[in-house]
There are 8 protein chains.
Amino acid sequence: MEQDRILHLLQQVRDGSLSPEHALAQLKIEPFEDLGYAKVDHHRALRQGVPEVIFGSGKTAEQIVGIVRAMRKNGQSVLITRLDAEKARAVSEQVDIRYDPVSRIAVSGEQSGVTAPGYLVVAAAGTSDLPVAEEAAVTAEALGNRVERLYDVGVAGLHRLLAHLDTLAQARVVIAAAGMEGALASVIGGLVSCPVIAVPTSIGYGANFGGLSALLSMLNSCASGVSVVNIDNGFGAGYLASIINHMGGADK
Amino acid sequence: MEQDRILHLLQQVRDGSLSPEHALAQLKIEPFEDLGYAKVDHHRALRQGVPEVIFGSGKTAEQIVGIVRAMRKNGQSVLITRLDAEKARAVSEQVDIRYDPVSRIAVSGEQSGVTAPGYLVVAAAGTSDLPVAEEAAVTAEALGNRVERLYDVGVAGLHRLLAHLDTLAQARVVIAAAGMEGALASVIGGLVSCPVIAVPTSIGYGANFGGLSALLSMLNSCASGVSVVNIDNGFGAGYLASIINHMGGADK
Amino acid sequence: MEQDRILHLLQQVRDGSLSPEHALAQLKIEPFEDLGYAKVDHHRALRQGVPEVIFGSGKTAEQIVGIVRAMRKNGQSVLITRLDAEKARAVSEQVDIRYDPVSRIAVSGEQSGVTAPGYLVVAAAGTSDLPVAEEAAVTAEALGNRVERLYDVGVAGLHRLLAHLDTLAQARVVIAAAGMEGALASVIGGLVSCPVIAVPTSIGYGANFGGLSALLSMLNSCASGVSVVNIDNGFGAGYLASIINHMGGADK
Amino acid sequence: MEQDRILHLLQQVRDGSLSPEHALAQLKIEPFEDLGYAKVDHHRALRQGVPEVIFGSGKTAEQIVGIVRAMRKNGQSVLITRLDAEKARAVSEQVDIRYDPVSRIAVSGEQSGVTAPGYLVVAAAGTSDLPVAEEAAVTAEALGNRVERLYDVGVAGLHRLLAHLDTLAQARVVIAAAGMEGALASVIGGLVSCPVIAVPTSIGYGANFGGLSALLSMLNSCASGVSVVNIDNGFGAGYLASIINHMGGADK
Amino acid sequence: MEQDRILHLLQQVRDGSLSPEHALAQLKIEPFEDLGYAKVDHHRALRQGVPEVIFGSGKTAEQIVGIVRAMRKNGQSVLITRLDAEKARAVSEQVDIRYDPVSRIAVSGEQSGVTAPGYLVVAAAGTSDLPVAEEAAVTAEALGNRVERLYDVGVAGLHRLLAHLDTLAQARVVIAAAGMEGALASVIGGLVSCPVIAVPTSIGYGANFGGLSALLSMLNSCASGVSVVNIDNGFGAGYLASIINHMGGADK
Amino acid sequence: MEQDRILHLLQQVRDGSLSPEHALAQLKIEPFEDLGYAKVDHHRALRQGVPEVIFGSGKTAEQIVGIVRAMRKNGQSVLITRLDAEKARAVSEQVDIRYDPVSRIAVSGEQSGVTAPGYLVVAAAGTSDLPVAEEAAVTAEALGNRVERLYDVGVAGLHRLLAHLDTLAQARVVIAAAGMEGALASVIGGLVSCPVIAVPTSIGYGANFGGLSALLSMLNSCASGVSVVNIDNGFGAGYLASIINHMGGADK
Amino acid sequence: MEQDRILHLLQQVRDGSLSPEHALAQLKIEPFEDLGYAKVDHHRALRQGVPEVIFGSGKTAEQIVGIVRAMRKNGQSVLITRLDAEKARAVSEQVDIRYDPVSRIAVSGEQSGVTAPGYLVVAAAGTSDLPVAEEAAVTAEALGNRVERLYDVGVAGLHRLLAHLDTLAQARVVIAAAGMEGALASVIGGLVSCPVIAVPTSIGYGANFGGLSALLSMLNSCASGVSVVNIDNGFGAGYLASIINHMGGADK
Amino acid sequence: MEQDRILHLLQQVRDGSLSPEHALAQLKIEPFEDLGYAKVDHHRALRQGVPEVIFGSGKTAEQIVGIVRAMRKNGQSVLITRLDAEKARAVSEQVDIRYDPVSRIAVSGEQSGVTAPGYLVVAAAGTSDLPVAEEAAVTAEALGNRVERLYDVGVAGLHRLLAHLDTLAQARVVIAAAGMEGALASVIGGLVSCPVIAVPTSIGYGANFGGLSALLSMLNSCASGVSVVNIDNGFGAGYLASIINHMGGADK
């Protein structure tokens, strides 16, 4: 999978420092540690430049603790998403975490400082979109980004959004989270020239059908530069925004 | 159904000028003329104050001619919607109509002058929404309204819409037609204090799913004063807008 | 956004009574107060002629109290919708509200008297549609309308509806709320000549699919003058009905 | 499958007039004739008391001719549904059929006279629902029923329907066909005490989604006695109505 | 609505025994009693030949008691459907009911004896479809029908169903309830010549999507004589089956 | 149903050792025992070569005990699926079962040893797909198969899957369970030449819509040899895999 | 990807017969030939034991000819699916193919003889399902299987299917293709003990929604041993059936 | 909208070089030219740094020519998307364009050279996804990007994709277009650390439901860094990729 590593293995085989059989074994076995219920990938941090992430929902506190320990052993810091308050308490009794109840994110290990050149904006249409917006914001901060929050800026009260044109105009990426007013992504997309990541939220009622309405609305945006992640996927938006915000212009 | 007429019939029966059996017969037979393939309702114009409307799609030119003639006999003017160009030609050879190919509407009989106190706005997000927007506009004009058109004002280019704030602010009703950018209704709904009638259009591609995306987006609008009609139902929007625009404040 | 205010600002700038920088600042900062979790809009009551509305669902009692206080400071009366009984009790311990458990609406501040010229009708198909119907009715009353209620008038028992033809005939607007029998809007739409606002409700079972059946049925109505709001959106229907009912005929 | 025939076969086996092996063979081979592309069932007319029916759509004219001939050989009359005009012409050149272009039904063989005690009503909401309504009506007539047609009686013009209360009240079954106004079935269901068979039609546009709206609306009817067949399935409605109309009260 | 009553009223008016105004009032007021939360229809039993039915779900015990009392006053017996055990207990403390926990139906008043000439069959695919099947069966029994139950006869074990061919063959109507195996209605429809009423149930998991799969499957049945009611609508199926089972052949 | 048995019955009839009437009775009565709430099929184990299976969800503990006893009487072993922990405890107090809380499967009777020639692989994309994957694995083991488990091998970390190419390459069948990453089935399908059974799981959030996303993704797989079972239907996958794994090449 | 080949390459590197750089190149370049518009995979026939397959729909005749030639060069035989008659003619002018217009399949190269131990059954519910059924049957034959066809055996006429119990009972795999009567797969699944591959077809009308109804019905089958492929995917069913039919019991 | 311009206008007003009324007029009129059927935005190129784009579908050749001329007047180059061959010919007779029939894109004006620091990859699963993939690629090239194309790399033949790991690893952005194999985006997302833009295509059949399957699959990707644009929206993907590829690291 990783070209350099494969080439290196092949060179070792040629040099006689590695048997073909062992090379094959390494190709398959090395990259992760198998806990039974999960495979812990010690190379990922290197390969993708970010802390390992655990999707907390659907795992027991015990499983989470196990994975965190395996990761921390190697010095990786860990981000745990979708961690409800009760499970967070159980986990915190066994490993050291910092937990934020709004975004439902816990961090174990050192928080990296700001590493990206500019800032990103997280905009949310209504106050009930906050958990998703905060999941995006806290994720981005944990990955070394400066984040500006613009909340309660739904398009039905356009002046609230327009009052922040300066902030929007300087952003390197904008995340737009909205449940009912999927339009927020389109309107922002028309105002800025940087990438806009739209996050539909499942919050609303009636014909929002669990986020479907916002999802479709965002996909149909006529504003160029807008793309969409899964309903309620604040983490994915924050993660992608961080990648973009860290992009350098030239020498890669 | 019509209380006055029922009461009048009953009075005639009491006065002996009408037998109970004939009264019953009148209750059932009078209000419309049966052409076999359609029932022509001569009282509707009186009852609802508008020309009779024929939904042209799915009727043959012969059937349309027959209905128009039955109506014109009583002096009613007639609006024919969803009339494609070919059928319009066939109809026009037999009865006198004025046909507009963009809105696909034909009118037979005298056009009423402007009868409503203010004007209404028809706004369309893109140029491809024009057939639906024009169906709304031409309908409203045929029903005695002054119409201001704001076309190509999708929210991805917000300044195009904001340039017309004056026009919007004075409108008594706004019709917002959009296929991809269902957001248009929300944004306008936040800018004006009059009723906004949203018309999703089926124009677009991909995840607009034949207008479903715009429909859901408009239904989920957080702007108060917005309601929605069927996908592509420009006629319904124009008709409803006309009712509202004709409303007087006091003496009804 | 507001033309007059912009023009006024520009005039002040020309007169030297306002610096360009301050004008820009005002354009952005003034219209609302930022509580962190929400932006309170002090101009809205003036701009749209109604009390400020708080969508109670998804906000904590503390947040609601905070918003109410910020609004009441300026003398605005406040309407809180989707407020469950428990949260209403918590709110009422800190600010003065009047709470109605059926419509789940609380009002803080003086109730306006009747300000609209005629009355509007709220019709509901079944007794289980009452919460939504009452949300519409109580909203409309809070906004200065006289409301006539026609409940349990589903089309499967047509005589129950027809018995109220007088009431329907004189209405300036009709709201039709129905979960299973979406037909109610069509039938009423065929009987009256005023606007009909259809509210699908999520009440029912099986193939009503959370209100989808009623929603589609109402959108497909062949009766002219019918438009639709979101499933369960009694507030939106009441609000729109109030705008229409307040319309004067001439001098706007 | 047919108990009597099985018992009879068994008795023949016991009597020695049939070998077990032949009995088994008969159980499998006899009831139909295999044309390769279709299996012609000569016992069905006896078993179910109706002419054999060919679903014409998706079969070639040649295949239809082949099936008709196989059936006619045994004296069965045949009903061919969904037969477009062109294919009807091709078929009629080889076998004797009577073709009706509106219902797209052809009949080969003698038409049975009226065999059921009462009549049934076929009601259609709009003129564009006629092809489906006529498929139902012609089917029912071919199966020996007297049919009353009530067309263009959509619920948005309720008086058109109410004018025919007598006809409805005496019907033994009512078929209600509607594309946009699915409500027709509910309203009729509330007016009559006989079974109502609802047929959603695919005719309409926008949010009728190919008949889905009418289908859901009819399924959600609160009127007792209403059941639904597939979208556009006029044949199925006519067939079922005929079974019900032929039911005798006692001696079965 | 009721022709006879209207004619009678008109005759009274002609005879001078009733003023036109009173006649109009009677047309509207008489047929039901208004409890505020519900309208009790005292004529329905006569008009439709069945006890009044209360849909228990979504009504409070108090409301149910009130409606039952209003009905019992006139001697009507009452069927209460969708009544959960707890509410049943509360109701039974105030009015006399017989409650069946499987079908969740309560009856107040005398049970009518068997009044229909033949019997009907209720077939259920799995044991988990029983609540719906029993709702159909108990409803039909309460309306004077003899009912044969065939449970656990899903088509994946065809011999279980075929073992009851005799019972099926003699039925005047068959109700087929199934959640996963919507096929049951088709298979039975091919075996019998009487009407088959299909009831999709919401029981199942995965791609049954709350009954949608069974619903679509039943609507697409190629077996003639099959029609469908709403998902889980056992009552509707039992009611319709009763109407059909009571049909006499001749003199209506 | 079973040709041999029918032929045998017919021969007995011919020989006079069985009367036709008794033969008919046997055809219908013998194959199962009717417990009222369920029909226990004693021939199924013979006919299909597997223990009888009880779908535990939606049955009471009492009903399950009754069915288990009826089956155990004849020596059949029994598999109970979808049995929650609480019900399992209640059942285990009355009959002897071995219960596995992850797969929610209980077994009563002797476990068969491995009877199939090769092994099958159960692959799961994420740890939250484990309950479904284990339902498949435990089912297959109970039916006499050797099972290799590959868990946490979602396609977003391809190297985790590729590390097990050996195991995959030798499998006779692969079951691929995934909720979010429906792609797992496609990727495996492209790597192996044996049948792949895809099991969408309902686990996930947002636009996975209860498993719909994985279901559609798996159905659209371009890899040949992939087929799909119902969402969460681990049992069905394990059962089918067992049939395939037991297939011998020649003499059937 | 292929373990053996990787190991072999590594051994060559160790032996010095291959440089590491060349090994890496081979790992990436060798397995296919790049035509620009397509990548032709010369190892697939070996790897998966079947002729290469071209999905003809959406490719030009020129592209198909190009791919066929590249494959034939290496002696592979080729199966072209979804090839309409016109394109088939164009292709046949340049390369040698045998074309079957019903299944729309063309074969180039030698047809393999029967290589699998038993036969498989292709069952189709109606005559209009034949194109899909034949795609499955012809595919399976091209891959070396003996195929028995059972057509027009929909469950609404159960005796037609039951007449072929012998044929079904001996099959090693059954393919069940059905558009309206998705039930066919369930019924067959209950009658046989071998794997059943269900193919929903898009043929039908109304609420079959392009095959969705049959698809859901088949997925919800309660018969064990049934799995499902994509709507209209006759090829996939035939291919999978062939894999299963070729399975030997022991020595793999 | 543009802060700088507003501030500048305000300064001019203060300086007396502009009257407040003219300032207001400029705020509204200047940014675009109104052609009646479209509003041409001369500032957009400056504001967003790209040529103006015309969505060709749904516009007449005349309208397109008109817009192109208005734009070219100001020296802007123009990109016309979704332009079918026939319309392209008509347009090319009046204005100078370069047209590519695969991507259906025409360019008028000078093509910018490569302006972005790295390259982006466009990967397509099948040959039938090429039109969408090319729309993305040609768009990106027109906006100054170097593009590497990887076509026919669907995940069912994983080695085809893995052979290009080098190319993928160096990309600054990857666009993944796929209709059936939505999994492509997930697999690539797991292999690279740059942003991946997924484009579902409507190409496929059966349960791909016009691209819905790929859309959902891509939204549910567990690979971080993946976002999604509308079905078939190659242009949107190329445009967004270009923005990201042009991002510099520091000084914005």
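Residues numbered from 1 in each chain as written. Chains lettered and ligands numbered in written order. Predicted model: local features only at pLDDT ≥ 70, side-chain atom pairs only at ≥ 80, totals over all residues. Heavy atoms only, no water.

- With an unreviewed UniProt entry as reference, chain A is termed 1-(5-phosphoribosyl)-5-amino-4-imidazole-carboxylate carboxylase, source organism Anaerotruncus colihominis.

**Quick look at the overall build of chain A**
- Counting its regular elements, chain A contains 11 helices and 11 strands.
- Considering only intrachain contacts with a sequence separation of at least 6, the fraction spanning at least 24 residues in chain A is 67%.
- Taken as a whole, chain A presents about 8,300 Å² of accessible surface, with 51% of it coming from carbon and sulfur. (Helix = DSSP H or I, 4+ residues; strand = E, 2+ residues; numbered from the N terminus. Contact = heavy atoms within 4.5 Å. Areas by Shrake-Rupley, 256 points an atom, 1.4 Å probe, with all protein chains shown as cover.)

**Structural notes on the pattern of salt bridges**
All names here are of chain A.
- One pass over the full model with this rule turns up 40 salt bridges over all chains.
- Between Glu-134 and Arg-149 there is a salt bridge whose closest N-O contact spans 2.6 Å. Of this pair, Glu-134 sits in helix H6 (residues 130–142) while Arg-149 sits in strand S8 (residues 146–151), and the two are 15 residues apart along the sequence.
- According to the relative accessible area criterion, Glu-134 is buried, its value standing at 11%. (Salt bridge = Lys/Arg side-chain N within 4 Å of Asp/Glu carboxyl O. Buried < 20%, exposed > 50% of the residue type's maximum accessible area, 1.4 Å probe, protein only.)

**Structural notes on the sheet that holds strand S5 (residues 98–100) of chain H**
All names here are of chain H.
- Spatially, 4 strands are ordered S3-S4-S6-S5 in an open sheet, and the strand pairing comes out mixed. Looking at strand neighbours, the two that pair on one side only are strand S3 (52–55) and S5, the edges of this open sheet. Strand-to-strand twist in this sheet, taken as the mean axis angle between neighbours without regard to direction, amounts to 20°.
- In this sheet, strand S4 (residues 78–81) lies alongside S3 in parallel orientation, the contact comprising 4 bridges. Note that in S4 the partner of Phe-55 across the bridge is Thr-81. (Pairing = 2+ DSSP bridges. Axes fitted to C-alpha atoms, helices over the stretch in contact; angles between N-to-C directions.)

**Some details on the domain arrangement of chain A**
Residue and element names in this part refer to chain A.
- Assigned domains of chain A: these are domain 1 (32–108) and domain 2 (119–246).
- One C-alpha centre belongs to domain 1, the other to domain 2; they are set 26 Å apart.
- Contacts between the two partners involve 13 residues from domain 1, matched on the other side by 11 residues from domain 2.
- Taken together, the two surfaces of domain 1 and domain 2 that pack against each other cover about 990 Å², and 68% of this comes from carbon and sulfur.
- Connecting domain 1 to domain 2 are 2 salt bridges.
- Between Arg-104 and Glu-135 there is a salt bridge, and its shortest N-O distance comes to 3.8 Å.
- Between domain 1 and domain 2 we count 2 residue pairs in polar contact (both at pLDDT 80 or more) in total. (Domains from an automatic or database assignment. Buried area = accessible area lost by both parts, 1.4 Å probe. Polar contact = N/O pair within 3.5 Å; in protein donor to acceptor, adjacent residues only side chain to side chain.)

**Quick notes on the environment of Gly16(B)**
All names here are of chain B.
- Looking at the element boundaries, Gly-16 is found in the loop between helix H1 (3–15) and helix H2 (20–29).
- The class for Gly-16 is exposed, based on a relative accessible area of 55%.
- Along the primary structure Gly-16 and Ile-244 are separated by 228 residues, whereas in three dimensions their C-alpha atoms are 43 Å apart.

**What about the pairing of strand S10 (residues 196–200) of chain G?**
Residues and elements named next belong to chain G.
- With 5 of its 5 residues buried, S10 lies for the most part within the structure.
- Residue alternation in S10 divides its side chains into two sets, Val-196, Ala-198 and Pro-200 and Ile-197 and Val-199, and both sets are buried.
- Judged from the 5 bridges that link them, strand S9 (residues 173–178) and S10 form a sheet pairing that is parallel. Considered in S10, the bridge of Ala-178 is made with Pro-200.
- Regarding topology, helix H9 (residues 183–191) serves as the crossover connection from S9 to the parallel S10, and that connection is right-handed.
- Pairing of S10 with strand S11 (residues 226–228) involves 3 bridges; the strand directions are parallel. Paired with Val-196 across the bridge in S11 is Val-226.
- For the handedness criterion, the β-α-β arrangement of S10, helix H10 (residues 212–219) and S11 is classed as right-handed. (Right-handed = clockwise from strand over helix to strand, strands pointing away.)

**Quick word on unusual backbone geometry**
Residues and elements named next belong to chain C.
- Not every positive phi belongs to a glycine, and Asp-232 is a case in point at roughly 70°.
- Structurally, Asp-232 can be placed in the loop between strand S11 (226–228) and helix H11 (234–245).
- Given a relative accessible area of 15%, Asp-232 falls into the buried group.

**Description of the confidence of the model for chain A**
- When pLDDT is averaged across chain A, the result is 82; 83% of the residues are at 70 or more.
- Interface scoring of the predicted complex returns ipTM 0.84; its pTM is 0.85. (pLDDT = per-residue confidence, 0-100.)

**Comments concerning the packing of aromatic side chains**
All names here are of chain E.
- Enumeration over the complete set of coordinates arrives at 8 aromatic pairs over all chains.
- Judged by centre distance (5.6 Å) and plane angle (55°), the ring pair of Phe-235 and Tyr-239 falls under tilted. Residue Phe-235 and its partner Tyr-239 are both found in helix H11 (residues 234–245); the two are separated by 4 residues, about one turn of the helix. (Phe/Tyr/Trp six-rings, centres within 6.5 Å; stacked < 30°, edge-to-face > 60°.)

**Structural notes on the sheet that holds strand S5 (residues 98–100) of chain B**
All names here are of chain B.
- Spatial strand order, S3-S4-S6-S5: 4 strands in an open sheet with mixed pairing. Strand pairing shows two members of the sheet lacking a second neighbour, strand S3 (52–55) and S5, which therefore form its edges. For this sheet the average axis-to-axis angle between neighbouring strands, irrespective of direction, equals 20°.
- Where strand S4 (residues 78–81) and strand S6 (residues 105–108) come together, 3 bridges link them in antiparallel fashion. Its bridge partner lying in S6, Val-78 is registered against Ser-108.

**Quick word on the packing of helix H10 (residues 212–219) of chain F against helix H10 (residues 212–219) of chain H**
- Two elements in contact, H10(F) and H10(H), have axes whose closest approach is 8 Å; the angle formed by their N-to-C orientations is 125°. In terms of axis orientation, H10(F) runs oblique to H10(H). Two packed elements cross with a definite hand, and for H10(F) against H10(H) that hand is left-handed. Packed against H10(F), whose contacting residues are Leu212(F), Ser213(F), Leu216(F) and Ser217(F), the element H10(H) presents Leu212(H), Ser213(H), Leu216(H) and Ser217(H) at the interface.
- Partitioning the contact of H10(F) with H10(H) into residue classes produces 4 nonpolar, 4 polar and no charged. (Parallel < 35°, antiparallel > 145°, perpendicular 65-115°, else oblique. Left-handed = near helix turned anticlockwise from the far one by under 90°. Nonpolar A, V, L, I, M, F, W, Y, C, P; charged D, E, K, R; others polar.)

**Some points on helix H9 (residues 183–191) of chain B**
- Within H9(B), 9 of the 9 residues are buried, which leaves it mostly tucked inside the rest of the structure.
- Considered for burial, the residues of H9(B) that qualify are Ala183(B), Leu184(B), Ala185(B), Ser186(B), Val187(B), Ile188(B), Gly189(B), Gly190(B) and Leu191(B).

**What to know about the environment of Val132(F)**
Residues and elements named next belong to chain F.
- Among the structural elements, Val-132 can be located in helix H6 (residues 130–142).
- The sequence separation of Val-132 and Thr-201 amounts to 69 residues, and the corresponding C-alpha distance is 7.0 Å.
- Once residues within four sequence positions are removed from consideration, Val-132 is found in contact with Val-199, Thr-201, Asp-232 and Gly-234.

**Overview of the packing of helix H6 (residues 130–142) of chain D against helix H11 (residues 234–245) of chain D**
All names here are of chain D.
- Put simply, H6 and H11 touch, their axes get as near as 7 Å, and they point 35° apart. Here H6 runs over H11; the crossing is right-handed. Residues Val-132, Glu-135, Ala-136, Thr-139 and Ala-140 of H6 pack against Gly-234, Phe-235, Gly-238 and Tyr-239 of H11.
- Tallied by class, the residues present in the contact of H6 with H11 amount to 5 nonpolar, 3 polar and 1 charged.

**A look at the pairing of strand S4 (residues 78–81) of chain G**
- Of the two faces of S4(G), the one carrying Val78(G) and Ile80(G) and the one carrying Leu79(G) and Thr81(G) are both buried.
- Handedness of the β-α-β unit built from strand S3 (residues 52–55) of chain G, helix H4 (residues 61–73) of chain G and S4(G) comes out right-handed.

**Observations concerning the state of the cysteines**
- Tallied over the full model, the rule gives 0 disulfides over all chains.
- Cysteine Cys194(B) shares no disulfide, and the gap to the nearest cysteine sulfur, in Cys194(C), comes to 18 Å.
- By relative accessible area, which is 5% here, Cys194(B) ends up buried. (Disulfide = S-S within 2.5 Å.)

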